[in-house]
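Read off the chains here:
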Amino acid sequence: MPVEMAHAWFSFSRVRRAIEADCEGAVPFPSRAAVCDALARTEPTVLQLYARPDGLPVPTLSHFSGEDVTRARAQGEREGYQCNDSTRGPGTRYCTVWHQLTPQVLAVSTAKLGPWREGEDPLADSRILLREMVRRLEAR
C-alpha cells in the first residue's frame, strides 16, 4: 500500500557502520571505490527528504538552519553546501548539503568533515553516499 508523506528523516549511523565494515572487507560491492573514498572524506549524520509543493526544507528538527537553505535556494542555488567550524576546534566542520533528489523531492543532509582539503566536494560525496544508502535499503 503506497504511503504519501512530505518529510522523512533518516539517521546515517547504521548505514555508515555497514559501509565502513564493507570497505574494510574483501567482498566487492557496486561502486566500492567511490563509496569508500566519499565516506573517508564526508561523514553524513542525518538525511532529510522533503516532498513539499513549496520546495521548502521545513521542519528541520534543529539539525540545520532551514532559513539558510531556503535563502540559498531563493537566490538560485538549487544545490550546494555550507560548512561551519565546530565549537570543538577547526579540525572538524559540520556541513549542510542540499540538492534535488528528484523534481519533487529535496534532499538535505548534515555531515561531519575534517579540515578543508583542496578539491573537496561535500555535495558530490553526499550524493554518492545517499545513492549507496538507497541501494542498501532497497536490497533489504
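Basis of the calculations
Residues numbered from 1 in each chain as written. Predicted model: local features only at pLDDT ≥ 70, side-chain atom pairs only at ≥ 80, totals over all residues. Heavy atoms only, no water. Disulfide = S-S within 2.5 Å. Helix = DSSP H or I, 4+ residues; strand = E, 2+ residues; numbered from the N terminus. Buried < 20%, exposed > 50% of the residue type's maximum accessible area, 1.4 Å probe, protein only. Pairing = 2+ DSSP bridges. Salt bridge = Lys/Arg side-chain N within 4 Å of Asp/Glu carboxyl O. Polar contact = N/O pair within 3.5 Å; in protein donor to acceptor, adjacent residues only side chain to side chain. Contact = heavy atoms within 4.5 Å. Phe/Tyr/Trp six-rings, centres within 6.5 Å; stacked < 30°, edge-to-face > 60°. Lys NZ or Arg CZ within 6 Å of the ring centre and 35° of its normal. Expected span 1.5 Å × (residues − 1).

**A look at the state of the cysteines**
Consideration 1: Enumeration over the complete set of coordinates arrives at two disulfides.
Consideration 2: Each disulfide pairs two cysteine sulfurs, and for cysteine 23 the partner residue is cysteine 36, the sulfurs being separated by 2.0 Å. The disulfide joining cysteine 23 to cysteine 36 has a torsion of about -100° about its S-S bond and is therefore left-handed. Here cysteine 36 lies in helix H2 (residues 32-41) and cysteine 23 lies in helix H1 (residues 13-24), a separation of 13 residues in the sequence.
Consideration 3: Each sulfur of the disulfide joining cysteine 83 and cysteine 95 lies 2.0 Å from the other. Residues cysteine 83 and cysteine 95 share a disulfide whose torsion about the S-S bond is about 105°; that sign makes it right-handed. With cysteine 83 in strand E3 (residues 80-86) and cysteine 95 in strand E4 (residues 89-102), this residue pair connects regions lying twelve residues apart in the sequence.
Consideration 4: Along the chain, the cysteines that take part in disulfide bonds pair up as 1-2, 3-4, counted in sequence order.

**Examining the pairing of strand E2 (residues 42-50)**
Consideration 1: With respect to burial, E2 is a largely interior element, seven of its nine residues being buried.
Consideration 2: Pairing geometry for strand E1 (residues 7-11) and E2, over five bridges, is antiparallel. Pairing of alanine 8 across the sheet is with leucine 49, part of E2.
Consideration 3: Sheet topology note: the E2/strand E5 (residues 105-113) ladder contains eight bridges and is antiparallel. Bridge pairing links tyrosine 50 to leucine 106 in E5.

**Brief notes about the pattern of salt bridges**
Consideration 1: Evaluated as defined, the whole model comprises ten salt bridges.
Consideration 2: Here arginine 71 makes a salt bridge to aspartate 68, at a shortest N to O gap of 3.0 Å. Note that arginine 71 and aspartate 68 are positioned in helix H3 (residues 66-74) at a spacing of three residues, about one turn of the helix.
Consideration 3: Residue classification places arginine 71 among the partly exposed positions, given a relative accessible area of 45%.
Consideration 4: For aspartate 68, a relative accessible area of 27% corresponds to the partly exposed category.
Consideration 5: Each member of the salt-bridge network shares a partner with another, and the members are Asp22, Glu132, Arg135 and Arg136.

**Structural notes on the side chain of glutamate 120**
Consideration 1: If you trace the backbone, glutamate 120 turns up in the loop between E5 and helix H4 (122-139).
Consideration 2: Of note is the side chain of glutamate 120, whose polar atom sits 2.8 Å from the side chain of arginine 93.
Consideration 3: If we ignore the near neighbours within four places in the chain, the residues touching glutamate 120 are Tyr81, Arg93, Leu113 and Pro115.

**Observations regarding the packing of aromatic side chains**
Consideration 1: All told, the structure shown has zero aromatic pairs when counted by the stated rule.
Consideration 2: Cation over ring: arginine 136 sits above phenylalanine 29, and NZ or CZ is 5.2 Å from the ring centre.

**Some remarks on H4**
Consideration 1: Helix length check: H4 (18 residues) gives 25 Å between terminal C-alpha atoms against 26 Å at 1.5 Å per residue, within 8%.
Consideration 2: Taken together, the buried positions of H4 are occupied by Pro122, Leu123, Asp125, Ser126, Ile128, Leu129, Leu130, Glu132, Met133 and Arg136.

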